[in-house]
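Residue strings, one per chain:
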Amino acid sequence: MNKKSVLFLCTGNSARSQMAEALLTSKAAESFDVYSAGTNPEPIDKRAIEAIQRFGIDAEGLTSKDVKTFQGQAFDYVITLCDKANAECRSFPGAGKQLAWDFADPKTRAGQHPFSATLTELNNRISMFLLVENKLASVTSKDMSADAYQVDLQEPAIEIDPIAFYKCLTDDIRLKSLMLTHYHGELCVCELMVALDEASQPKVSRNLALLKKAAIITDRKHGQWVFYRINPALPLWAKSVIAQTTENNVSLIAAPLNRLDEMNNRPNKESFCR
């Protein structure tokens, strides 16, 4: 199977496009060759690198590049990540498909951890991109094997009962756990206990078990640690509810976020990632 090529474009190629390149490479390197560039390149912001590494993704090899580096090269997808880049490269020569995404510049974004917040939003959008393109590939390439695109975040969206979903959001621990997990990308029970100021591990674990049973979260285990994240196979409407609830009610998890920032001996997610 021939890999498809993706070029992420932004103005400076210093943060958003670097994050996108690292995310898509980590998720689907076997299916996509991923590049990034800037219309007016600048050195990579070290805070972007730190956010990528905290997310458990390898940032080695990322470099800032001018879009002119790729002049004359064809790409299956060209994805702009800001309105300015989209205006400057609205019709990229040689682009099989061009997408225009717009994310706030983390260097000027308000709120706590702007780089991590932007990374989380990019992660969600790239997950959707993989889901959509996987479905298209299954339709247009009928002779492709069923597992040709077996990437964790490309599984078809599951069906979920809206009533059961919203019932899961009515508990304080469950709602805040989802918001914190959405914000950080992945957390373990010990981190959630500290963030929620909850001394009872069984209580937190029971609520996480309910979320897992409802297929709202998934987990992965490594040694003594179990890490939880939003189920990537959730339908987009459910992901959007969690995202919008988190993004518009940061004050609800401000204290938990502060407690998590001050936590000592947090598990190293990077060393546990596969």
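The shown structure was predicted, so the numbers you read here are calculated from the model rather than taken from an experiment. (Residues numbered from 1 in each chain as written. Predicted model: local features only at pLDDT ≥ 70, side-chain atom pairs only at ≥ 80, totals over all residues. Heavy atoms only, no water.)

Here the focus is the overall build of the protein. Looking only at helices and strands, the protein has 11 helices and 7 strands in total. Within the span of the protein, comprising 274 residues, buried residues form 49% of the whole. Taking the intrachain contacts of the protein between residues at least 6 apart in sequence as the baseline, contacts between residues at least 24 apart amount to 71%. (Helix = DSSP H or I, 4+ residues; strand = E, 2+ residues; numbered from the N terminus. Buried < 20%, exposed > 50% of the residue type's maximum accessible area, 1.4 Å probe, protein only. Contact = heavy atoms within 4.5 Å.)

Spatial ordering of the open sheet is given by β2-β1-β3-β4, a layout of 4 strands whose pairing is parallel. Across the chains shown, the open sheet's two edge strands, defined by having one partner strand only, are β2 (32-38) and β4 (95-100). Averaged over all pairs of adjacent strands, the angle between strand axes in this sheet comes to 20°, irrespective of strand direction. Bridge count between strand β1 (residues 4-10) and strand β3 (residues 75-80): 4 bridges; the pairing is parallel. The residue of β3 that forms the bridge with V6 is Y77. Relative to the sheet, helix α1 (residues 16-28) contacts β1 and β2, its axis offset from that of β2 by approximately 175°. (Pairing = 2+ DSSP bridges. Axes fitted to C-alpha atoms, helices over the stretch in contact; angles between N-to-C directions.)

Counted at 1.5 Å a residue, the expected span for helix α8 (residues 201-213) with its 13 residues is 18 Å, and the 18 Å between its end C-alpha atoms agrees. One side-chain oxygen at the N-terminal end of α8 lies 3.2 Å from the backbone nitrogen of K203; it belongs to S200. Positive backbone phi, at 65°, marks A215, one or two positions downstream of α8. (Expected span 1.5 Å × (residues − 1). Polar contact = N/O pair within 3.5 Å; in protein donor to acceptor, adjacent residues only side chain to side chain.)

This part is about the side chain of N207. Examined against the element boundaries, N207 turns out to sit in helix α8. Dropping the residues within four chain positions of it, N207 is found in contact with D171, I173 and R174.

Right, let's talk about the packing of α1 against helix α2 (residues 46-54) for a bit. Two elements in contact, α1 and α2, have axes separated by 9 Å at closest approach and are oriented at 25°. In terms of their interaxial angle, α1 and α2 are classed as roughly parallel. Both α1 and α2 take part in a crossing whose hand is right-handed. Contact residues: Q18, M19 and A22 in α1; A48, A51 and I52 in α2. Here the residues of the contact of α1 with α2 are counted per class, giving 5 nonpolar, 1 polar and no charged. (Parallel < 35°, antiparallel > 145°, perpendicular 65-115°, else oblique. Left-handed = near helix turned anticlockwise from the far one by under 90°. Nonpolar A, V, L, I, M, F, W, Y, C, P; charged D, E, K, R; others polar.)

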